[in-house]
Amino acid sequence: MNDLIVNFRRMPWPLRVLTLLSLMSVLLVAATVVPGGVVVSQKKIGVVDWWINGSGPVFAVAVSLFFSAGILLLKARRLGRLAYISGFAGFYVASYLIERINGVSYSRDDHFYDLLFAGLQIAALGAYFFLSQRVKNFLDA
């Protein structure tokens, strides 16, 4: 546990923020378990239906990948970079699948701008993770 705290303190501050974001993503799954259900677009879905229709498991897999990336980054593993980008992209894929499962859509049928926005975010994360000398130094130490 001490190693994780030491590694967290050694991280460049943007990497700390990204790591905390991924670790806190587990709270999103917890929020889908509380009574009252889940709202997808403007459609309310009961807790039981959320898990039975497949939305819950899809969401849980995406969150698990993203959460594991935070753990890998805390352990200063190089694989954490790729896991983070995959988990981030996984959220976009999961949201699309959840829309389809529940028969709703957040956006227009033309998903070009959604894909462009997601691609730009993933490219920016990739540039930070793989081109930043401070991140490289942290992972190599």
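Please refer to the structure placed before this passage.
Quantities reported herein were computed from a predicted structural model and do not represent experimental measurements. (Residues numbered from 1 in each chain as written. Predicted model: local features only at pLDDT ≥ 70, side-chain atom pairs only at ≥ 80, totals over all residues. Heavy atoms only, no water.)

## Structural notes on unusual backbone geometry
One non-glycine residue, A76, lies in positive phi territory at about 60 degrees. Looking at where A76 falls in the secondary structure, it is placed in the loop between α5 (55-74) and α6 (79-102). Of the residues examined, A76 reaches a relative accessible area of 16% and is grouped as buried. (Helix = DSSP H or I, 4+ residues; strand = E, 2+ residues; numbered from the N terminus. Buried < 20%, exposed > 50% of the residue type's maximum accessible area, 1.4 Å probe, protein only.)

## Observations concerning the environment of P35
With respect to the helices and strands, P35 occurs in the loop between α3 (26-33) and β1 (38-40). For P35, a relative accessible area of 79% corresponds to the exposed category. Taking C-alpha positions, P35 is 23 Å from F67, a pair spaced 32 residues apart along the chain.

## Considering helix α8 (residues 133-140)
Within α8 the residues assigned to the buried category are V135, F138 and L139. One side of α8 holds all its buried residues, which, seen down the axis, span an arc of 90 degrees. Turning to α8, the residues buried within the fold contact α1 (2-10), α2 (13-24), α5, α6 and α7 (112-131). A side-chain oxygen of the first residue of α8 lies 3.4 Å from the backbone nitrogen of R134; this N-cap is S132. (Arc of directions from axis to C-beta. Contact = heavy atoms within 4.5 Å. Polar contact = N/O pair within 3.5 Å; in protein donor to acceptor, adjacent residues only side chain to side chain.)

## Details of a nonpolar patch on the surface
Taken together, the side chains of L20, M24, V26 and L27 present a nonpolar region at the surface, about 360 Å² in accessible area. For the nonpolar patch, the secondary structure elements donating two or more residues are α2 and α3. You can see V26 is positioned in helix α3. (Patch = residues over 30% accessible without salt bridge, like charges linked within 9 Å, V, L, I, M, F, W, Y side chains within 5 Å. Areas by Shrake-Rupley, 256 points an atom, 1.4 Å probe, with all protein chains shown as cover. Salt bridge = Lys/Arg side-chain N within 4 Å of Asp/Glu carboxyl O.)

## Thoughts on the packing of α6 against α7
Geometrically, a packed helix pair is captured by the angle between its two axes and the distance between the axes. The contact between α6 and α7 brings their axes to 10 Å, and the two run at 170 degrees. Compared by their axis directions, α6 and α7 come out roughly antiparallel. On the side of α6, the interface is formed by R81, L82, Y84, I85, F88, A89 and Y92, while α7 contributes F117, A118, Q121, I122, L125, G126, F129 and F130. Looking at the contact of α6 with α7 residue by residue, the class counts come to 12 nonpolar, 2 polar and 1 charged. (Axes fitted to C-alpha atoms, helices over the stretch in contact; angles between N-to-C directions. Parallel < 35°, antiparallel > 145°, perpendicular 65-115°, else oblique. Nonpolar A, V, L, I, M, F, W, Y, C, P; charged D, E, K, R; others polar.)

## What to know about α5
Spanning 20 residues, α5 covers 29 Å between terminal C-alpha atoms, matching the ideal 28 Å at 1.5 Å per step. If you check which residues of α5 are buried, you get S55, G56, F59, A62, V63, F66, A69, G70, L73 and L74. In an axial view of α5, the angular spread of the buried residues amounts to 155 degrees, which keeps them on one side of the axis. (Expected span 1.5 Å × (residues − 1).)

## With respect to the packing of aromatic side chains
Counted under the stated rule, the structure contains 9 aromatic pairs. Judged by centre distance (6.1 Å) and plane angle (65 degrees), the rings of W50 and F59 are edge-to-face. Per residue, the accessibility class of W50 equals that of F59, and both read buried. An angle of 80 degrees between the planes, with centres 5.2 Å apart, marks the rings of F66 and F91 as edge-to-face. Within this pair, whereas F66 is found in helix α5, its partner F91 is found in helix α6, the two being separated by 25 residues in sequence. The exposure classification of F66 matches that of F91, with both residues buried. One aromatic cluster in this structure is built from W50, F59, F66, Y84, F88, F91, Y92, Y128 and F129. The positively charged end of R16 is found above the aromatic ring belonging to F8, 5.5 Å away from the centroid. (Phe/Tyr/Trp six-rings, centres within 6.5 Å; stacked < 30°, edge-to-face > 60°. Lys NZ or Arg CZ within 6 Å of the ring centre and 35° of its normal.)

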